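# Residue-level structure breakdown
Single-letter residue listing:
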Amino acid sequence: MPGQTSDQRWAAQAAAGDQSAFRALYRAHVRPVYWIAHGILGAAVDAEDVTQETFVVAWRKLPGLELQGESILPWLATICRFQAANRLRQRRRDQAHTTDAADDQLPDVVSVEDQVITAALAARIAAEVGTLNELDREIFRLCASEGYAYQAAADELGVTHAVVRNRLSRVRTQLRGAVKEVRDA
């Protein structure tokens with residue numbers, strides 16, 4: 001449908017069973033979801049597991065999703081936080097039932113404040129990305145989310161290397177400002 005964002009289109013297609021659309025959502029959002037999980041859990045292995053669990057849950061729940069905004073990232077971030085909290089509870093249960101030394105890395109409680117900041121940060125980034133024009137959004141998606149080199153993104157979008165480099169620099173500056181607002185709040 002014209003006027004839909006990539007996330008809206010992919011989510012609708014994935015909800016209808018389109019695996020390639022779901023792969024596109026995964027590629028677009030796997031990095032931010034991983035960093036949310038890593039921020040909560042503090043361990044790369046657990047963050048990787050929770051990231052995968054997040055997308056498994058998302059695949060199951062997509063048919064019932066009514067995407068409210070332009071980005072699916074806030075919804076994925078919520079699933080990720082719940083999966084990470086479950087992982088922390090499981091760690092505590094495992095720890096309580098072993099005689100081994102306690103894991104010094106395990107926090108005693110899940111920091112609700114950190115979760116709120118993480119959710120606010122994901123929502124703010126998604127909102128900021130939503131304000132970008134279509135070309136800037138596509139440049140950001142290709143370079144920042146999917147790891148395209150500037151020239152590869154330029155070729156894909158039919159623009160010059162310089163356009164990609166300059167616009168991505170401007171977008172990153174804008175997003176850094178948005179992140180700073182959330183952290184300073």
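In short, a report on the structure. (Residues numbered from 1 in each chain as written. Predicted model: local features only at pLDDT ≥ 70, side-chain atom pairs only at ≥ 80, totals over all residues. Heavy atoms only, no water.)

A word on the packing of helix α3 (residues 44–61) against helix α4 (residues 73–96). Packed helices, taken two at a time, are described by the angle their axes make and the gap between the axes. Two numbers describe how α3 lies on α4: the axes approach to 9 Å, and their chain directions differ by 125 degrees. By the angle class used here, α3 and α4 are oblique. Seen along the crossing, α3 lies across α4 with a hand that is right-handed. Residues Asp46, Asp49, Val50, Glu53, Thr54, Phe55, Val57, Ala58 and Lys61 of α3 form the contact with α4, whose participating residues are Trp75, Leu76, Ile79, Cys80, Gln83, Ala84, Arg87 and Arg91. (Axes fitted to C-alpha atoms, helices over the stretch in contact; angles between N-to-C directions. Helix = DSSP H or I, 4+ residues; strand = E, 2+ residues; numbered from the N terminus. Parallel < 35°, antiparallel > 145°, perpendicular 65-115°, else oblique. Left-handed = near helix turned anticlockwise from the far one by under 90°. Contact = heavy atoms within 4.5 Å.)

Let us look at the environment of Ile139. Take Ile139: it is sitting in helix α6 (residues 134–145). Classification of Ile139 by relative accessible area gives buried; the value is 0%. Sequence-wise, Ile139 and Val164 are 25 residues apart; in three dimensions their C-alpha atoms are separated by 6.4 Å. Apart from the residues lying within four places of it in its own chain, the contact partners of Ile139 are Ala144, Leu157, Val163, Val164, Arg167 and Leu168. (Buried < 20%, exposed > 50% of the residue type's maximum accessible area, 1.4 Å probe, protein only.)

With that settled, consider the environment of Ala14. Here Ala14 shows up in helix α1 (residues 6–15). Sequence separation of Ala14 and Leu25 is 11 residues, and the distance between their C-alpha atoms is 8.6 Å. In this view, Ala14 contacts Ala21, Phe22, Leu25, Trp59 and Leu62; residues no more than four positions away in its chain are not counted.

This part covers the packing of α1 against helix α2 (residues 19–41). At a closest axis distance of 8 Å, the pairing of α1 and α2 adopts a crossing angle of 135 degrees. Judged on the interaxial angle alone, α2 and α1 are oblique. With respect to the hand of their crossing, α1 and α2 are arranged in left-handed fashion. Contacts between α1 and α2 pair Asp7, Trp10, Ala11, Gln13 and Ala14 from the former with Ala21, Phe22, Ala24, Leu25, Ala28 and His29 from the latter. The residue inventory of the contact of α1 with α2, partitioned by class, reads 8 nonpolar, 2 polar and 1 charged. (Nonpolar A, V, L, I, M, F, W, Y, C, P; charged D, E, K, R; others polar.)

The subject of this paragraph is the nonpolar core. Within the largest apolar cluster, 30 residues are counted, with the highest numbers of intra-cluster contacts made by Leu25 and Leu62. If you list the elements that add at least two residues to this core, you get α1, α2, α3 and α4. Of the residues forming this core, the biggest block, 12 residues, is contributed by α2. Filtering out sequence-adjacent residues up to four positions away, Leu25 remains in contact with Asp7, Trp10, Ala11, Ala14, Phe55, Leu62 and Ile72. Leu142, Cys143, Ala154 and Leu168 belong to the second largest nonpolar core, which has 12 residues in total. (Core = buried A, V, L, I, M, F, W, Y, C linked by side-chain atoms within 4.5 Å.)

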